[in-house]
Amino acid sequence: MASQGQVIFWSMTTVIVILAAVIALIIGFGVSGKHSISVTALTSPGNIGQRSVLGCSFEPDIRMDSIAIQWAKEGVAGLVHEFKEGKDHLQEQDPSFQGRTAVFVDQVIGGNASLELRDVQLSDAGTYQCSVTTARGSGAAVLRYRTGAFSMPVMQVEHSSHGETLQCKAPHWFPRPAVHWMACGDTGEHLPHAANTSYQLNPENITVKVVSLLHNITANATYTCVIENSIAKAVVNIRVTDFSTTKATNLQLVNLNAESVSSSLPACHWMLLLPLYLLSI
């Protein structure tokens, strides 16, 4: 028969074991509260010299002081941008990004970790990582950012003693784009066309100005000029009648996961497919 002392000893041991198990469960639940949060990144190509946004979103957190955002670029020693405790921390920012980055502070608490990049440079292209930590946990997403130059084309009719010519001109493109023309009459028939295209290097020695001339145009026809490279596609339409011209212009960016939409419809029908704006002169 066990003595009273042994009974007390085993009772205390049992209590200690139970308490240890309870503590372990509490710690386990506390640790499990920190989990991987969902972070998503998506962006469009950057236009040299312009402002761009590298998109990143995460599961929102109601406490601003618990949110930390880090942007890093593959091959760059310093950080691209760091935001935590409600403000920027740029002590470790790489010199190549100084004065050119910002987050949307008023939107961070709603789950927006996107990065604004000003004065886009060709060298900004590369692989970026958006890392986010909140009270709920942490997560990261990677995106590939491309840079180049693209601009809206302008088309106008030039008159001369040799006939009428269409000029399709765009000020900034890189890489060097291809230029295509389409022409068709009001009844839908395709018209013969021959164009001369020239490229002029701009002062910064990166981008080119594009000028394409389509000769011997006729009235009551629709002409389409398409300028495109690996990151963008610009389309300008003009319908020429005996009395006036009507224009429509559209610019599409080529995404990595979905190429820009193209159409095999005759040029006459492009006027129905270009909703960006319509200008009559």
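Remember, predicted model here, so these are calculated numbers, not experimental data.

**Points about the sheet that holds strand S4 (residues 52-58)**
Here is step 1: Reading across from one edge, S2-S4-S9-S8 is the order of the four strands in this open sheet, with antiparallel pairing throughout. Of all strands in the sheet, those bounded by a partner on one side alone are strand S2 (39-43) and strand S8 (101-103). When strand polarity is set aside, the average angle formed by the axes of neighbouring strands in this sheet is 15°.
Here is step 2: Where S8 and strand S9 (residues 115-117) come together, three bridges link them in antiparallel fashion. From the neighbouring strand, Ala 102 faces S9, where its bridge partner is Glu 116.

**Section: the state of the cysteines**
Here is step 1: Scanning the entire structure with this criterion turns up two disulfides.
Here is step 2: Cys 56 shares a disulfide with Cys 130; S-S distance 2.1 Å. Taking the sign of the S-S torsion, about -85° here, the bridge from Cys 56 to Cys 130 comes out left-handed. Within this pair, whereas Cys 56 is found in strand S4, its partner Cys 130 is found in strand S10 (residues 126-133), the two being separated by 74 residues in sequence. The same class applies to Cys 56 and to Cys 130, which are both buried.
Here is step 3: The disulfide bridge from Cys 168 ends at Cys 225, spanning 2.2 Å between sulfur atoms. Disulfide Cys 168 to Cys 225: torsion about the S-S bond roughly -85°, handedness left-handed. Linking Cys 168 in strand S14 (residues 163-173) with Cys 225 in strand S18 (residues 221-228), this pair joins segments that are 57 residues apart in sequence.
Here is step 4: Overall, Cys 168 belongs to the buried group, its relative accessible area being 0%.
Here is step 5: Given a relative accessible area of 0%, Cys 225 falls into the buried group.

How each quantity is defined
Residues numbered from 1 in each chain as written. Predicted model: local features only at pLDDT ≥ 70, side-chain atom pairs only at ≥ 80, totals over all residues. Heavy atoms only, no water. Pairing = 2+ DSSP bridges. Helix = DSSP H or I, 4+ residues; strand = E, 2+ residues; numbered from the N terminus. Axes fitted to C-alpha atoms, helices over the stretch in contact; angles between N-to-C directions. Disulfide = S-S within 2.5 Å. Buried < 20%, exposed > 50% of the residue type's maximum accessible area, 1.4 Å probe, protein only.

Remember that the coordinates give geometry; whether it matters functionally is a separate question.
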